[in-house]
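Spelled out, the chains give:
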Amino acid sequence: MAALGARWLLRPGRRWFSETVPGTPPPSVSPLYPPVVASITAKSKSAKLRRLQRFKQRVHSAATVEEKLRLYGKLQRPKYTVYPQTFALNADRWYRSFTKTVLVPGMPPRAAAGKPPVAPAETTPKAGRAPEPGAEALGAAGAPEAAKTPGPAAGAMPYLDIGELRSLACDALLQESFYQKKKRPFLYRDQDHTPGPFLTQLVSTLAAFLSGRNPLLAASSLDLNPEVNYYWHHGEEVVVHGHRKGRVDPVRFQINDNPHLQIRVPKQLPEVVPLESDLGDVPVIDHKPSKLPLFKKQYENKVFTGSKVADPCCYGHTQFHLLPDKLKRERFIRERLEDQIEVVYRSNGIASLFAWTAAQAMYQGFWSEADVTRPFVSQAVVTDGKYFAFFCYQLNTLALTAETIKNNPRKNICWGTDSKPLYDVVEDGNVKGFNDEVLLQLVRFLLNRPKEL
Amino acid sequence: LFAGVRQAQWLTKTKLVEGLPPAVQGIVDNPAHGFQELEERVKHAVSHARLWDTTEVAPRREQFCPVLFENLMHICRLMAGKYPSLSKRMLARNCRIAATWERESILLQVRGLSGILMNSMTQIPPVASKEEILATKEHVLETFYPIAPTIDLQEVNVYKELNDTGQCFADGYPYSHPHTLFFLESANVRTDRFRPEQLRAKMLMFAFGNALAKAKALHGNDPKVLEQPVVVQSIGTDGQLFQFMVFQLNTTDLVSNDGVKNLVWIDADQNLYEKAQCVPEIKKRVVTKPAGISGFQPDTFKKFLALYLHGTV
């Protein structure tokens, strides 16, 4: 009251002595007392809110992205380690609920102009999958059907020779499995012996072959066995035991992933659907994550896409994952869990791609309080050497913490296919039953690029 | 090998020529290949390998040496957009090589893991002209008396004289011609790595082994002067220093000291960059050395690319 009285007395004094020009606002009176806000150090809920706010302010106003990442992951507490390659049953449902992802089966529809004209022409422009294998005669006979190829821009590009691509793939396969004499594979390390080198060879030769058509590939960077890490909060829980017992804490997750190969590019892939689209539902699981099973550990909170922030190739294009021996199909069939085979591929695709796209978004300065303003798109191929599954992920939101998720209608979207074999068997220097469809999908993945290029 | 390249020369009956052969030098100097745009990308590749590839502060040599090699190979392979015949190459890792030959009544053998081998479908054309090959007849191999030429070689009882790169690859392999061998010295501790001289000698021995095995596969086991000399290239590096070598096998007649000799062109100790600073060096609150790659030499990568393109361009 005294303050109000003083101000009331001061005001007429001001009007008395100075001539206020009409239109200028009255000079603001600085308050005599500082604003009344909650304390910083008290043991109260409002103090906790104020501390959180100060922390968010610090992160918002960090000068560089490295500083932001350092502050974001500064506090170390026990967190769930999420493994993309896991044998847990129905892991993909759990991972979708952790990352607020919608799974859409099949591949995303692509615009007609973006698709490469292939010598056997596509039947419909909007079809997400390749034409039926063996239905069209390949090679020279495809010329009359080529007239049906859609898109005016397609006329300028020379046709992709599927025969050449097939020969490249077969050569890589034969070299690794047949021609090059290697010692016997180490125990339980079958994947390092043949499918690993085959995948490396295949991707490097295909990328080199297609770099003429895709200028984004020509400026890309190929990583062998990189590291991809991401740390995030989602949901809330009560601390069960320890000196912090009874407090409400966010549930922390960390993904530490090692894809077999990854291609990083300097420009971002175009968005597949608009930012706010809703293509399905996110599964809600009422149990604690430790029921999956998922275990807690406390260690460094890392956010890493594959190279540091200073790298110009900061956006992701395609990742290639190799499933380890532990998760091979025969093992699942032996234990009568055939339906879990696809779950393995899906959970790997969702978790790895979420970690990669979210880390890319953090490298651009977005985080859970500063949500992404444009969608981040990346692709992945999960394989065990013979069966290939393709995934495309669009990150629409990073806001997964308990408070930011309340008013957030956006969901992340993952398109995924089932696993299909690339070939049947390799015998005597011949590859039998080669599946062109899978190769074509792989080629389409590699040729994906922003519309300007 | 103790005396390095000189000893290897005697063992393989080779004449040394300094610098790269004129064919390769021609590719380096040819501006049509667009080396300028690649400079920026090579700098990024080096920075990625040396600075950015790890969550720790600085990657160790075991990590950055292979990563640098992969990055450079990726840039070279992307040139296949311009030269489609480059796609006829295949990399083979961890292949074992075995070759045997006699040298003045001493039986010598080269065996072991020969690093990374790149094969191609077509053979590299001979680099030296016929006159140069004949001129090597006059060249006398230098010996280093009183040290015997076989010093430092392991004496082993050989029960089977093995003789093929077919040890590595089965018959009917479409990429049958060894093109380039790559050696990466990536041990963390300096004493585990080969010194440049020894690395060059190792490169020479393995290139010779590959060439000899290929020649014997093509022309049979009899020692003779080859009509079509076999050319094998070799690049060795420890992540910073590069050694380039082109070896041409002119003869498989290695028992005597006279006659036509083999030829090798060596371009030694090419630095790709001077120093890679991960954290800026600060003395007394002043930044003396900023973080980044300093002293970048684009010529070294040009030679790398030229050796890669040799044979298809």
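The written sequence of each chain sets the order in which its residues are numbered from 1. Labels are handed out in written order, letters beginning with A for the chains and numbers beginning with 1 for the ligands. For this predicted model, a pLDDT threshold of at least 70 governs which residues receive local features, and a threshold of 80 or more governs which side-chain atom pairs are given and counted, while totals over whole chains, interfaces and linings are taken from all residues. Only hydrogens and water are removed before side-chain values are computed, so all heavy atoms of the structure are retained for them.

Chain B is annotated in an unreviewed UniProt entry as Large ribosomal subunit protein mL37 from Rhipidura dahli. UniProt positions are given in the numbering used here, feature names are shortened, and annotations may be inferred rather than shown by experiment. Entered under Subcellular location (unreviewed entry) in the UniProt record, the comment concerning chain B runs "Mitochondrion". Here is the UniProt Sequence similarities (unreviewed entry) comment for chain B, exactly as written: "Belongs to the mitochondrion-specific ribosomal protein mL37 family."

Under an unreviewed UniProt entry, the name given to chain A is RT30 protein, and the organism recorded is Rhipidura dahli.

Colleague: What should I look at first to understand the overall build of chain B in this one?
Modeller: Numbering of helices and strands starts at the N terminus; helices are DSSP runs of H or I of at least 4 residues and strands are runs of E of at least 2. Regarding its fold elements, chain B presents 7 helices and 13 strands. Burial status across chain B gives 53% buried among its 313 residues. When contacts within chain B are restricted to residue pairs at least 6 apart in sequence, long-range pairs at least 24 apart make up 75% of them. Total accessible area on chain B is roughly 13900 Å²; 52% of this is exposed by carbon and sulfur atoms. Residue burial is assigned from relative accessible area. The probe radius is 1.4 Å, only protein chains are included, and a residue is buried under 20% of its type maximum, exposed over 50%, and partly exposed in between. Here, two residues are considered to be in contact whenever any of their heavy atoms come within 4.5 Å of each other. Reported accessibility uses the Shrake-Rupley method at a 1.4 Å probe radius. Residues are deemed covered only where the shown protein chains occlude them.

Colleague: What is the right way to look at the overall build of chain A in this model?
Modeller: The helix and strand inventory of chain A stands at 11 helices and 14 strands. When each of the 453 residues of chain A is scored for burial, the buried share is 50%. For chain A, the share of sequence-separated contacts (at least 6 apart) that also reach a separation of at least 24 residues comes to 77%.

Colleague: Would you mind showing me how to read the layout of surface pockets here?
Modeller: Once rolled over the atoms, a probe with the size of a water molecule shows which space is left empty. All names here are of chain A. One number sums up the size of the second largest pocket: a volume of about 1400 Å³. Taken together, 35 residues make up the lining of the second largest pocket; nearest its centre are Lys 48, Leu 52, Leu 75, Asp 249 and Pro 250. For the lining of the second largest pocket, the elements supplying multiple residues, two or more each, are helix H2 (45-60), helix H3 (65-72), strand S4 (228-238) and strand S5 (248-257). It is H2 that provides the largest number of residues to the lining of the second largest pocket, a total of 9 residues. Partitioning the lining of the second largest pocket into residue classes produces 12 nonpolar, 6 polar and 17 charged. A pocket, in this scheme, is an open set of points on a 1 Å grid over the protein atoms alone with protein on both sides within 12 Å along at least 5 of 7 lines, while a cavity is a set where a 1.4 Å probe fits but cannot get out; residues line either one if an atom lies within 4 Å of a point. Grid points are joined across faces, edges and corners, and a volume is the space filled by probe spheres set on the points. Residue classes follow a fixed rule: Ala, Val, Leu, Ile, Met, Phe, Trp, Tyr, Cys and Pro count as nonpolar, while Asp, Glu, Lys and Arg count as charged, and any other residue, Gly among them, counts as polar.

Colleague: For this particular structure, what's the right way to read the sheet that holds S4(A)?
Modeller: Sheet strands line up and pair through hydrogen bonds in the backbone, either parallel or antiparallel. Residue and element names in this part refer to chain A. Strand order across the open sheet formed by 4 strands is S4-S5-S1-S7, with mixed pairing between neighbours. Each edge of the open sheet is held by one strand with a lone partner, namely S4 and strand S7 (296-297). Note: S4 against S5, 9 bridges, orientation antiparallel. Bridge pairing in S5 places Val 228 opposite Asp 257. Helix-sheet contacts for helix H4 (residues 91-99) involve strand S1 (79-82), S4 and S5, and the interaxial angle to S4 is about 85°. Strand pairing follows a simple DSSP-based rule, namely that at least 2 bridges must link the two strands. A fitted line through C-alpha atoms represents every axis, and for helices the fit uses only the stretch in contact; the resulting angles, taken between N-to-C directions, go from 0 to 180 degrees.

Colleague: Which parts of the structure should I look at to understand unusual backbone geometry?
Modeller: The general pattern is negative phi for most residues beyond glycine and trans for most peptide bonds. Residues and elements named next belong to chain A. Of the consecutive residues Leu 292 and Pro 293, the connecting peptide bond is found in the cis state with omega at 20°. Residue position: Pro 293 is located in the loop between strand S6 (261-265) and S7. In this structure, Asn 225 is a non-glycine residue whose phi angle is positive, near 55°. Relative to the helices and strands, Asn 225 is located in the loop between strand S3 (221-224) and S4. Relative accessible area serves as the criterion here: at 55%, Asn 225 is assigned to the exposed category.

Colleague: Got a minute to help me understand the pattern of salt bridges in this structure?
Modeller: Where charged atoms from two side chains of opposite charge approach closely, those side chains can pair. Residue and element names in this part refer to chain A. Salt bridge criterion: a side-chain nitrogen from Lys or Arg within 4 Å of a carboxyl oxygen from Asp or Glu. Under the defined criterion, the tally for this structure stands at 24 salt bridges over all chains. Between Glu 335 and Arg 331 there is a salt bridge, with its nearest N and O atoms 4.0 Å apart. Using a relative accessible area of 27% as the deciding quantity, one classes Arg 331 as partly exposed. Within the structure, one salt-bridge network assembled from shared partners comprises Lys 56, Glu 369 and Glu 403.

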